[in-house]
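Coordinate analysis (summary)
If you want the building blocks of each chain, they are given just below.
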Amino acid sequence: MIKKIESQGYYIEIGNHAESSLQQLLDVDFAQAKKVIIVDENTHDNCLEALLTHYEALKEAEVILLPPGEENKVMEICFQVWEALTEYKIGRRDLIINLGGGVITDLGGFIASIYKRGVQFINMPTSLLAMVDASSGGKTGIDLGPFKNQLGLFAYPICTIIDPGFLQTLPDNEKVWGKAEMLKHGLIADKAHWDTLKEKDVHDITLEDIATSASIKNNIVLKDPKEENERKKLNFGHTIAHALEAYFLDKSPLPHGYAVALGLLVESKISIDLGLLSKEEYYEIEHFILQQYDKIDNISTIGETLLGFMQNDKKREGQEYNFTLLNTIGQSSINHTVTEEVILEALKVIDTQF
Ligand SMILES: NC(=O)c1ccc[n+]([C@@H]2O[C@H](COP(=O)([O-])OP(=O)(O)OC[C@H]3O[C@@H](n4cnc5c(N)ncnc54)[C@H](O)[C@@H]3O)[C@@H](O)[C@H]2O)c1
């Protein structure tokens, strides 16, 4: 059974890809189109075969193989792919399938939307993080130096096809990191989802849990596609997360989901320090996050550097540090101005020294 969620001019399907609309799209809507599949080395080895064997129409597809990892979500890689698309004579009526984690869906969506002013694309997320978050909502983009998603545009796929079967080969640590975005969805908008996830090992995450997360995100995006107000709720945890990722990018890159998990904790601490969140709920969040995600050594000593990265964060408005914070588990509010002192103090909760 496929679950279908309608979104901003496109749709999300969740279930076995063989039962999804992919067959119809390939055989009817894109029957005459050339097909390109963008993969990274891991999704090439673990996920591509399932598509190539199932869909006759993909047997002749051009496969563009990229190195994995956030450090490759950059312009240099885009140029290489655009050159390959040109060499394959891909035109505006052709089709790109992004088969991978959030790096591939962010990068592939960006590449497709810029090339010849836009080639249609389908997202097929293969990591938990991309299934519940990155592959929908229309944000595509790449990093610029240490700054996350600094270049990008809102562009929507034809559809996002989420097949949880791809998770079978996803390493366990990637599942734990991906779960952080699900926890975020629970914290900002759905206490029952948080309560469910708290009790669950990553191996027990179901299609329904994935669908709940994807729906929470989708409902928020539909109210405010361009992030003028409501959508900022999805940034909970991300101001800190993006600063941490920026700092570690040229050292030992932090997985996005791990950075988000720590960001959720720090920003929950800010929420209690500003008198929004209760102590009981804060300790529940702290206990749960620190059970699953390790603190970092000496994080407090780089507080000023992290503030520097936050000053160039694209979520920043004016001269102030603007945060989405928690009022209670399951309810968030946007546009809180937070001082440097409060941020620096809250960072201590993820420092092994404290
Ligand atoms: N556009 C958005 O709204 C949005 C939202 C959240 C995150 N993101 C972005 O998503 C990215 C993080 O996504 P991610 O965590 O999926 O990272 P990722 O794409 O790097 O995938 C994580 C790792 O898992 C591997 N992998 C993926 N699927 C696999 C499978 N089925 N089997 C084996 N290995 C597999 C990948 O090759 C990679 O090594 C970040 O760049 C982040 O900024 C975007």
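From a predicted model like this one, the values you see are computed outputs, not experimental measurements.

Focus: the overall build of the protein
Scanning the protein from terminus to terminus reveals 14 helices and eleven strands. For a compact globule of 354 residues, the expected C-alpha radius of gyration is about 20 Å, and the protein comes in at 20 Å, within 12% of that figure. Along the first, second and third principal axes, the C-alpha atoms of the protein reach 60 × 40 × 35 Å. Expressed as a percentage of the 354 residues in the protein, the buried residues total 58%. For the protein, contacts bridging at least 24 residues in sequence account for 75% of all contacts bridging at least 6. Seen as two clouds, the 33 positive and the 54 negative side-chain charges of the protein have centres 5 Å apart.

Some remarks on the packing of helix α7 (residues 172-189) against helix α8 (residues 191-198)
What describes two packed helices is the angle between their axes and the distance between those same axes. Remark: α7 packs on α8, axes separated minimally by 6 Å, with the N-to-C direction vectors making an angle of 145°. Judged by residue contacts, Lys-179, Met-182, Leu-183, His-185, Gly-186, Leu-187 and Ala-189 of α7 engage Lys-191, His-193, Trp-194 and Leu-197 from α8. For the contact of α7 with α8, the per-class residue count stands at six nonpolar, three polar and two charged.

A look at the pattern of salt bridges
This model, assessed by the stated rule, comprises 21 salt bridges. Between Lys-233 and Glu-230 there is a salt bridge, with its nearest N and O atoms 3.4 Å apart. Via salt bridges that share partners, Glu-70, Lys-73, Asp-106, Asp-143, Lys-148 and Glu-245 belong to a single interconnected network.

Quick notes on a negative patch on the surface
Together, Glu-60, Glu-62, Glu-83 and Glu-87 make up a negatively charged patch on the protein surface. Its location among the elements puts Glu-87 in helix α4 (residues 75-87). Residue classification places Glu-87 among the exposed residues on the basis of a relative accessible area of 60%.

Here's the deal with the environment of Glu-174
In this structure, Glu-174 sits in helix α7. A relative accessible area of 35% means that Glu-174 is categorised as partly exposed.

A few points about the nonpolar core
Counting residues in each nonpolar core, the largest one holds 93 residues, and the members touching the most others are Ile-122 and Ile-343. Among all residues touching Ile-343, those that are not within four sequence positions of it are Ile-240, Ile-270, Leu-307, Met-310, Tyr-321, Phe-323 and Val-338. In this structure, Leu-66, Val-74, Leu-107 and Tyr-115 belong to the second largest nonpolar core, which totals 22 residues.

Observations concerning the pairing of strand β7 (residues 139-144)
Bridging between β7 and strand β8 (residues 147-154) involves five bridges; their strand directions are antiparallel. By the bridge assignment, Lys-139 is partnered in β8 with Phe-154. Between β7 and β8, which pair antiparallel one after the other, the connecting turn spans two residues, and Gly-145 there sits at a positive phi close to 55°.

Focus: the sheet that holds strand β3 (residues 35-40)
If you trace the seven strands from one edge of the open sheet to the other, you get β1-β2-β9-β6-β5-β3-β4, paired in mixed fashion. Every other strand in the sheet has two partners, leaving β1 (3-6) and β4 (62-66) as the edge strands with one partner each. The mean inter-strand angle of the sheet, taken between neighbouring strand axes irrespective of direction, is 20°. On the sheet, helix α5 (residues 102-114) packs against β3, β4, β5 (95-100) and β6 (120-125) and is oriented at approximately 165° with respect to β5.

Observations regarding the UniProt feature "domain: 3-dehydroquinate synthase N-terminal" (unreviewed entry) in the protein
Under the UniProt annotation, "domain: 3-dehydroquinate synthase N-terminal" (unreviewed entry) lies at residues 64-174. Along residues 64-174 one finds 32% helix and 30% strand; the C-alpha atoms at either end are 23 Å apart.

Concerning the side chain of Asp-143
One can find Asp-143 in strand β7. Judged by relative accessible area, which is 4%, Asp-143 ranks as buried. A distance of 2.8 Å separates the side chain of Asp-143 from the backbone nitrogen of Asn-149, its partner in a polar contact. Among residues more than four places away in sequence, those in contact with Asp-143 are Glu-70, Lys-73, Val-74, Lys-148, Asn-149 and Gln-150.

Regarding the environment of Gly-137
Tracing the backbone through its elements, the reader meets Gly-137 in the loop between α6 (128-134) and β7. The buried category is assigned to Gly-137, whose relative accessible area is 2%. Residues Gly-137 and Thr-160, 23 residues apart in the sequence, show an inter-C-alpha distance of 9.8 Å. Residues contacting Gly-137, with those up to four places away along its chain left out, are Tyr-10, Phe-154, Tyr-156, Lys-217, Val-221 and Arg-231.

Rules behind the numbers
- Residues numbered from 1 in each chain as written.
- Predicted model: local features only at pLDDT ≥ 70, side-chain atom pairs only at ≥ 80, totals over all residues.
- Heavy atoms only, no water.
- Helix = DSSP H or I, 4+ residues; strand = E, 2+ residues; numbered from the N terminus.
- Rg over C-alpha atoms; globule rule 2.2 N^0.38 Å.
- Buried < 20%, exposed > 50% of the residue type's maximum accessible area, 1.4 Å probe, protein only.
- Contact = heavy atoms within 4.5 Å.
- Lys, Arg positive; Asp, Glu negative; His and termini not counted.
- Charge placed at Lys NZ, Arg CZ, Asp CG, Glu CD.
- Axes fitted to C-alpha atoms, helices over the stretch in contact; angles between N-to-C directions.
- Nonpolar A, V, L, I, M, F, W, Y, C, P; charged D, E, K, R; others polar.
- Salt bridge = Lys/Arg side-chain N within 4 Å of Asp/Glu carboxyl O.
- Patch = residues over 30% accessible without salt bridge, like charges linked within 9 Å, V, L, I, M, F, W, Y side chains within 5 Å.
- Areas by Shrake-Rupley, 256 points an atom, 1.4 Å probe, with all protein chains shown as cover.
- Core = buried A, V, L, I, M, F, W, Y, C linked by side-chain atoms within 4.5 Å.
- Pairing = 2+ DSSP bridges.
- UniProt positions renumbered as here; feature names shortened; annotations may be inferred.
- Polar contact = N/O pair within 3.5 Å; in protein donor to acceptor, adjacent residues only side chain to side chain.

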